[in-house]
Amino acid sequence: MLNIAVLISGGGSNLQSIIDGCESGYINGMVKLVISNKDNVYGLERATKHNIKTFVEKEDEKIIDLLNKENIDLVVLAGYLKIISPKFVEAFRNKIINIHPSLIPAFCGAGYYGKKVHESVISYGAKLSGATVHFVDEGADTGPIIMQKSVEVKVDDTPQSLAERVLTVEHEILKESVRLYCDNKLTVNGRGVIVND
């Protein structure tokens with residue numbers, strides 16, 4: 001069973017999908033640690049309800065120390081609105097995964113997070129959007145892609161309505177990607193990720 005840390009900046013609905021996956025036995029892991037870079041976010045409350053240790057910490061060096069202290073095998077960025085440092089990436093190479101609310105490489109990179117992503121999708125006139133789970137490298141949303149799932153962009157979509165449908169697939173593919181990682185079914189091969197399920 002792998003030890004998982006989840007880094008958040010907000011409500012933590014993706015965190016909840018991972019906790020549920022672990023508690024049901026679907027994921028062969030346990031969330032040992034939840035770290036937020038912001039105080040008083042609901043995600044911290046979610047973790048506390050499940051007796052998971054929580055920390056509020058902004059400095060990457062201190063976060064690395066916390067992760068090492070808890071023998072963390074996998075770090076999940078679940079709505080973590082902060083670019084992590086190259087040192088952090090190097091310390092956990094191919095052990096950090098992120099969920100992004102678009103089909104990378106579209107509508108991603110510096111400045112593309114939250115509502116801005118969905119506004120951009122709609123104003124561009126894209127017919128499809130979705131979510132992407134990827135390994136984290138030194139760039140913003142540039143690491144090898146593990147899994148993607150699309151949703152249709154409807155004519156009458158608002159950023160809010162699109163965000164809700166994308167969030168549903170985020171929960172699905174993040175939980176599935178964490179399961180695959182914990183079962184040792186993912187192999188990074190250059191820019192590609194091979195799923196040996």
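Calculation criteria
Residues numbered from 1 in each chain as written. Predicted model: local features only at pLDDT ≥ 70, side-chain atom pairs only at ≥ 80, totals over all residues. Heavy atoms only, no water. UniProt positions renumbered as here; feature names shortened; annotations may be inferred. Helix = DSSP H or I, 4+ residues; strand = E, 2+ residues; numbered from the N terminus. Rg over C-alpha atoms; globule rule 2.2 N^0.38 Å. Buried < 20%, exposed > 50% of the residue type's maximum accessible area, 1.4 Å probe, protein only. Contact = heavy atoms within 4.5 Å. Arc of directions from axis to C-beta. Polar contact = N/O pair within 3.5 Å; in protein donor to acceptor, adjacent residues only side chain to side chain. Axes fitted to C-alpha atoms, helices over the stretch in contact; angles between N-to-C directions. Parallel < 35°, antiparallel > 145°, perpendicular 65-115°, else oblique. Left-handed = near helix turned anticlockwise from the far one by under 90°. Nonpolar A, V, L, I, M, F, W, Y, C, P; charged D, E, K, R; others polar. Salt bridge = Lys/Arg side-chain N within 4 Å of Asp/Glu carboxyl O.

As named in an unreviewed UniProt entry, the chain is Phosphoribosylglycinamide formyltransferase, taken from Paraclostridium benzoelyticum. As stated in UniProt under Function (unreviewed entry), the record for the chain gives "Catalyzes the transfer of a formyl group from 10-formyltetrahydrofolate to 5-phospho-ribosyl-glycinamide (GAR), producing 5-phospho-ribosyl-N-formylglycinamide (FGAR) and tetrahydrofolate."

Q: Talk me through the overall build of the chain; I want residue IDs and the actual numbers.
A: Helix and strand counts for the chain stand at 6 helices and 9 strands. Relative to the compact-globule value of 16 Å for 197 residues, the chain shows a C-alpha radius of gyration of 16 Å, a close match. Each principal axis of the C-alpha distribution contributes one length, and for the chain these read about 50 × 40 × 35 Å. Burial status across the chain gives 49% buried among its 197 residues. By sequence separation, contacts in the chain at least 24 residues apart represent 64% of the contacts at least 6 residues apart.

Q: Summarise helix α3 (residues 60-69); cite the residues concerned and give the values.
A: Asp60, Ile63, Ile64, Leu66 and Leu67 are the residues of α3 that are buried. Seen along its axis, α3 keeps its buried residues to an arc of 160°; they face one direction. With its phi angle positive at about 50°, Asn71 sits one or two positions after the end of α3.

Q: Please set out the side chain of Asn37 residue by residue, giving values where relevant.
A: One can find Asn37 in the loop between β2 (29-36) and α2 (42-49). A distance of 2.6 Å separates the side chain of Asn37 from the side chain of Ser9, its partner in a polar contact. Each residue touching Asn37, except ones within four places of it in the same chain, is listed here: Ile8, Ser9, Glu57, Lys58, Tyr80, Leu81 and Lys82.

Q: Now, about the packing of helix α5 (residues 115-124) against helix α6 (residues 159-182): what can you tell me, with residues and values included?
A: Taken N-terminus to C-terminus, the directions of α5 and α6 make an angle of 110°; their axes are 9 Å apart at the nearest point. Here α5 lies roughly perpendicular to α6, going by the angle between them. Judged by the twist between their axes, the crossing of α5 over α6 is right-handed. The residues of α6 that touch α5, namely those facing Lys115, His118, Glu119, Val121 and Ile122, are Pro159, Leu162, Ala163 and Val166. Residue composition of the contact of α5 with α6, by class: 6 nonpolar, 1 polar and 2 charged.

Q: Outline the pattern of salt bridges, listing residues and values.
A: This model, assessed by the stated rule, comprises 12 salt bridges. With its nearest N and O atoms 2.9 Å apart, the salt bridge here joins Lys87 to Glu61. Taken as a pair, Lys87 in helix α4 (residues 86-91) and Glu61 in helix α3 lie far apart in primary sequence, 26 residues in all. Residue Lys87 is classed as partly exposed on the basis of its relative accessible area, which comes to 48%. In this structure, the salt-bridge partner of Glu138 is Arg93, at a minimum N-O distance of 2.6 Å. One end of the pair, Glu138, is in the loop between β6 (128-135) and β7 (145-152); the other, Arg93, is in the loop between α4 and β5 (96-100), with 45 residues separating them in the sequence. A residue is classified by how much of its surface remains accessible, and Glu138, at 39% relative accessible area, is partly exposed. Residues joined by salt bridges that share partners form a network here, namely Lys32, Lys53 and Glu70.

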